[in-house]
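# An overview of the molecular structure
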Amino acid sequence: MSKVLKYAFIIFWTLFVLAPLSWAVVTSFKTPEAVNQGATFIPWVQFDPTLAGWRDILGISGYTNLIPNMINSALITFFASFISVTLGGLAAYGLSRFRYGWKYYGNSDIIFFFIAQRILPPVVLAIPFFLLLKSLNLLDTHLGLILVLTSGLMPIVVWLMVDFFNQVPREIDEMAMLEGCNPVQAFRRTILPLSKPGIAISAIFAVIFGWNDLFFALVLTFANVKTLPAAVVALNGTVTPFWTLAASAIFSILPLIGFVFIVERYLAKGGFTGAVR
Amino acid sequence: MSLELKDLGITEGTDMILEGITFTFDPGRIYVLMGRTAAGKTSLMRAIAGLLDFTDGDMYFNGEDFDVLPTWKRNTSMVYQQFINYPNKTVLGNVIFPLLRSGVNMPEAKAKALEMIDKVGLRNFVDRKPGELSGGQQQRVAIARALVRNADILLLDEPLMNLDYKLREQLREDFRELFTSTKDSVTIYATTEPAEALLIGDELLVMHEGRIIQSGVPAEVFENPNSVTVAQIVNDPPMSILAASVSQGTLSIGHALNSSVPAHLAGIADGDYQVGFRASDLAIGLDGEMTVQGEVDLVEVAGSETLIYLNTPTGYTIVQEEGIHVHHAGDKVAITVSPQRAFLFDLTGKLIAAPGN
Amino acid sequence: MGTKFYKRLFLLPGLLLLITIIIFPLLFSIRVSFSSWNVSRSGLDYVGGANWTRMVSDADFWGSMLRLLNFSFGTTLIQYILGFALAFYVWQGLKAGRLYRLLWLVPLMTTPSIMAIVWRSIFREDIGAANGLLKGVGLPTIGWSTEIIPAMFSIYVAEIWQWTPFMFLFLLAGLLILPKEPFLAAEIDGASPSRTFWRITLPLMAPISIGAILIRLIESSKIFDSIFVLTSAGPGNATETPTYFLWKRSLTEFQIAYGATLALTYLIVMIIVLTIVARVLTYISRPRGW
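Rules used throughout
- Residues numbered from 1 in each chain as written.
- Chains lettered and ligands numbered in written order.
- Predicted model: local features only at pLDDT ≥ 70, side-chain atom pairs only at ≥ 80, totals over all residues.
- Contact = placed C-beta atoms within 7 Å.
- Nonpolar A, V, L, I, M, F, W, Y, C, P; charged D, E, K, R; others polar.
- Pairing = 2+ DSSP bridges.
- Helix = DSSP H or I, 4+ residues; strand = E, 2+ residues; numbered from the N terminus.
- Axes fitted to C-alpha atoms, helices over the stretch in contact; angles between N-to-C directions.
- Buried ≥ 20, exposed ≤ 12 C-beta atoms within 10 Å, placed from the backbone.

## Focus on the interface of chain B and chain A
Taken together, the contacts link 24 residues of chain B with 21 residues of chain A. Partitioning the side of chain B that touches chain A into residue classes produces 12 nonpolar, 10 polar and two charged.

This is the structure in structure tokens:
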């Protein structure tokens, strides 16, 4: 009996996961008339599929072109993630290996400071960031958004990587230091090669959160630099052409899925299981 | 090229980890640090390696202040008790690494590395990664890596602790052989096993609760432990300590056994004392004048010996017997005591007299 | 170049960058909350605690905080249960487990705001899939954006779809690290599957569970994208959450000073609540001697 429930649940959940995506895919091939008639589901049976929606978003029909937005998103996400993973990873390694302190504040307080940034909802910093970027002439620029996103991504990286580094036996970098490496060399030569899974996970989360940002893109960019989520949501504004929306939805999801699939293989190999028994 | 420690101490908050460590380690000698777990052996070694900062005192190497040098500038090697190797390098890669780091060129480094790998008997495993090796082999890689560059200071922190019995015995022998190649190094070897100290060490330092409580030639320290504490540390199994008193030429052990004062205790003033007996100096069931009744508490077969733990009216004793004997908890047996093998300590634990050998 | 130098080299670049980016905005927010900067009067004057008193009696604000309690805790709880169930089944061994694993992770790789648009199209009363299906099986249609409960339901659906995979991933990783020994012992002792789950699996998963729940609470408290796109906090302000409320006040009505006050209050409340929740969860799951 419980087995039936178990499989029913699994099948239900799988269908649930696929439902909105398949709806979006199907809808992306509909004509305006098909959409406005009411809900239709099966192509060729209930409506005639067309590539109009796709042509609309790829600049072919002149309606809009989401490709530049995708490029913007890619650039901004890449740099924000890169800076976050690099500086955050280094900071995490430091927090894992060294003891910092100033009066009563120690490592765990510093880590809490990093994590506390995530509690801040973007809106708390929206106006100040707006004014800050304005005074630096960085509004509506790639660099401005990159800096702002980095502040949100670094905490994630630090939190993940500190935990990860703590699990790599510190005797290994001690050994490297005894053998003549200064801490940077020790890190580079011994710990870094073992850190691929940790870096992969941090990179995945950084990229996902960076790519998905809507709020700061809305507040801090306007005409010159529009990221993909902002552009798509803007399409949602007035007339709600669902066929193009569906197409843009699918279009914007693909890069991220692609990225994760590429990086996923680094998660498999651990690497330090042979160091300590 | 001596390592000199002057009044070295480490205090962390309210915890005293090391205190008053004053000693000079000379090159070419093997020093064994003995002590119970948490006696400070590891902390001392880590302080020498630069991995732990000390709060008091000074450390000099070759007359120069060692303290200012960070770890990677001290020419020191270390072998840990958990087998630590670089997991993503092969055995050869592991052993070559320290040589390359100190600037030796590749061909020479390779030759030296292979030579050391041979010495530890891992020739057939040069291309394997540590993860594919057994515990003993992994530790041998670590040892090879530590020895290959002939560092000024060589530290070994209970390197054989995590290996099984047979492997330990074998590697102990190998160490004597291997350490001949480190003639110019200061070698410091930490262990809890007296057998290793006796076998390997030129000089023995006994540590307890962060201090060095005795130092000297191993055999010396064994024969003349300066306190009950030292006696307990350097004997495995620990000495049995019983109350005793001397009065008018009679040695009374535990108020149950009286004998005339043995030769090595002649001239001791009357009074209350403690006596200690090595487990191997006690026996069960032999006929003899000096017996104490005891009740077996626990029997332990270790290797080819049997250890019997007994409750007696005079105190808790441990007897070591050759061979494997059968005893059961609760058995009442007679323990034979040889007064001429008694170590006499005063009530504070200080040694008064020890039996000669 | 001693150890101190390298210590700093590792931590400081990242820490300083973060502090520089965050500290000015934060200090500015504090300062401006004591001013009266709004749409008609920009600039930093000083009005004392006027904004703060206004905040205390702002029913709309606290209403949104209560609603957040509902959304945040509600979605996190459901995500935890579902995610645990999914992770549990995969951990126990599921045919085609790897396939399911990859499939179930897809929602995590989607953009929430864009998926919200998709959900919007599903929940549209006239041409959406939800009502279309209901009509198809003869059931009455539902006013997804005109009635309170359906509106909340639609938010719940979007959030649960989006973030349960996170719980799934997190908890599965935790399950995979569990030692085998307790389970072997339970098997030898003849414990039933249900007993093994409640007495062994769940308690062993306590630290990971708490971590996952706290993370989701923190992240879900910022819920904005789905509210913005799906319901626009409607109907009325039935689905208005603090972030949306703040956004409205600060960025559409330009009540910058008051907005800053609200934001800081929100921050303080969140830190307090999260600390309490963390303590309570840790207390509940402390090991008890059986």
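There's more to say after this.
## Quick notes on the sheet that holds strand β8 (residues 186–191) of chain B
Residues and elements named next belong to chain B. What the six strands build is an open sheet, ordered β6-β7-β8-β3-β9-β10; its pairing is mixed. With one partner strand each, in any of the chains shown, β6 (76–79) and β10 (211–216) form the two edges of the open sheet. Neighbour-to-neighbour, the strand axes of the sheet open up by a mean angle of 20 degrees, direction not taken into account. Along the sheet, helix α4 (residues 135–147) contacts β6 and β7 (153–157); its crossing angle with β6, the most-contacted strand, is approximately 170 degrees.

## Considerations on the interface of chain C and chain A
Every contact between the two is made by 62 residues of chain C and, on the other side, 63 residues of chain A. Contributing elements (two or more residues each) for the side of chain C that touches chain A: α1 (3–32), α3 (59–92), α4 (97–105), α5 (112–123), α6 (129–136), α11 (225–231), α12 (242–252) and α13 (256–284) of chain C. If one sorts the elements of the side of chain C that touches chain A by residue count, α1 of chain C sits on top with 16 residues. Tallied by class, residues from the side of chain C that touches chain A come to 47 nonpolar, 12 polar and three charged.

## Here we look at unusual backbone geometry
Residue and element names in this part refer to chain B. Between Asp-236 and the following residue, Pro-237, the backbone shows a cis peptide bond with an omega angle of 5 degrees. Position of Pro-237 among the secondary structure elements: in the loop between α8 (228–234) and β11 (240–247). Positive phi, close to 55 degrees, is recorded for Asp-7, a residue that is not glycine. Overall, Asp-7 belongs to the exposed group, with 11 C-beta atoms counted inside 10 Å. The backbone phi angle of Glu-209 is positive, close to 50 degrees, even though this residue is not glycine. Among the structural elements, Glu-209 can be located in the loop between β9 (203–208) and β10.

## A look at the pairing of strand β2 (residues 15–25) of chain B
Residue and element names in this part refer to chain B. Direction of pairing for strand β1 (residues 3–12) relative to β2: antiparallel, over a ladder of seven bridges. Each residue of the ladder has a partner; that of Leu-8, found in β2, is Ile-21. Taking the residues between adjacent antiparallel strands as the criterion, β1 and β2 are bridged by two residues, where Gly-13 takes a positive phi near 65 degrees.

Just geometry here; none of it tells us what the structure is for.
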